[in-house]
Amino acid sequence: QLLGPRGRWSRAFVPLVDGGLARLAGDAAGAAALWRRAAAHAREDSLALYAAAAELAVADLEGDAAAQAAALAWFESRAVKNPRALVSMLIPGARR
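Right, let's walk through the structure included here. As the structure is a computational prediction, the values presented were derived from the model and not from experiment. (Residues numbered from 1 in each chain as written. Predicted model: local features only at pLDDT ≥ 70, side-chain atom pairs only at ≥ 80, totals over all residues. Heavy atoms only, no water.)

A few words now on helix α3 (residues 48-62). Taking 1.5 Å of rise per residue, the 15 residues of α3 would be expected to cover 21 Å, and the 21 Å separating its terminal C-alpha atoms lies within 8% of that figure. Of the positions making up α3, those classed as buried are Ala51, Ala52, Ala53, Ala54, Leu56, Ala57, Val58, Ala59 and Asp60. Of the surrounding elements, those touching the buried residues of α3 are α1 (10-24), α2 (28-44), α4 (65-76) and α5 (83-90). Trailing α3 by a residue or two, Gly63 shows a phi angle of about 65 degrees, which is positive. (Helix = DSSP H or I, 4+ residues; strand = E, 2+ residues; numbered from the N terminus. Expected span 1.5 Å × (residues − 1). Buried < 20%, exposed > 50% of the residue type's maximum accessible area, 1.4 Å probe, protein only. Contact = heavy atoms within 4.5 Å.)

The structure is reproduced here in structure tokens:
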């Protein structure tokens, strides 16, 4: 039911949680793929905060400095003081 037509936002939230579970299980590639999917769905569903959080989680996981800078710039433009703490709150398993 979560992924049915009434659960449109869950298209972003389910892969966020599943990505966290994958990361905690040691599957970094799986986590990154799920968080990328979550980011895409979040953007489609006007959930920009969750999209940016997922993008920062992927960038941190992969050590991609350019992607980290882009994601952090989004948070900075919205006066978020500690983006990684916010990501930890929004995405279970994003920070270890």
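Further notes follow.
Attention now goes to the packing of aromatic side chains. Under the defined criterion, the tally for this structure stands at 2 aromatic pairs. Between Phe13 and Tyr50, the aromatic rings sit 4.8 Å apart at their centres with planes inclined by 80 degrees, giving edge-to-face as the arrangement. Here the residue Phe13 occupies a position in helix α1, and Tyr50 occupies one in helix α3, the gap between them amounting to 37 residues. Judged by centre distance (5.1 Å) and plane angle (90 degrees), the rings of Trp74 and Phe75 are edge-to-face. (Phe/Tyr/Trp six-rings, centres within 6.5 Å; stacked < 30°, edge-to-face > 60°.)

The next thing to look at is the pattern of salt bridges. According to the stated counting rule, one finds 6 salt bridges in the structure shown. Residues Arg11 and Glu44 are paired through a salt bridge, measuring 2.8 Å at the closest nitrogen-oxygen approach. A residue pair is termed long-range when its members are at least 10 positions apart, and Arg11 in helix α1 and Glu44 in helix α2 qualify at 33 residues. For Glu55, the salt bridge goes to Arg43, with nearest N and O atoms at 2.8 Å. Taken as a pair, Glu55 in helix α3 and Arg43 in helix α2 lie far apart in primary sequence, 12 residues in all. (Salt bridge = Lys/Arg side-chain N within 4 Å of Asp/Glu carboxyl O.)

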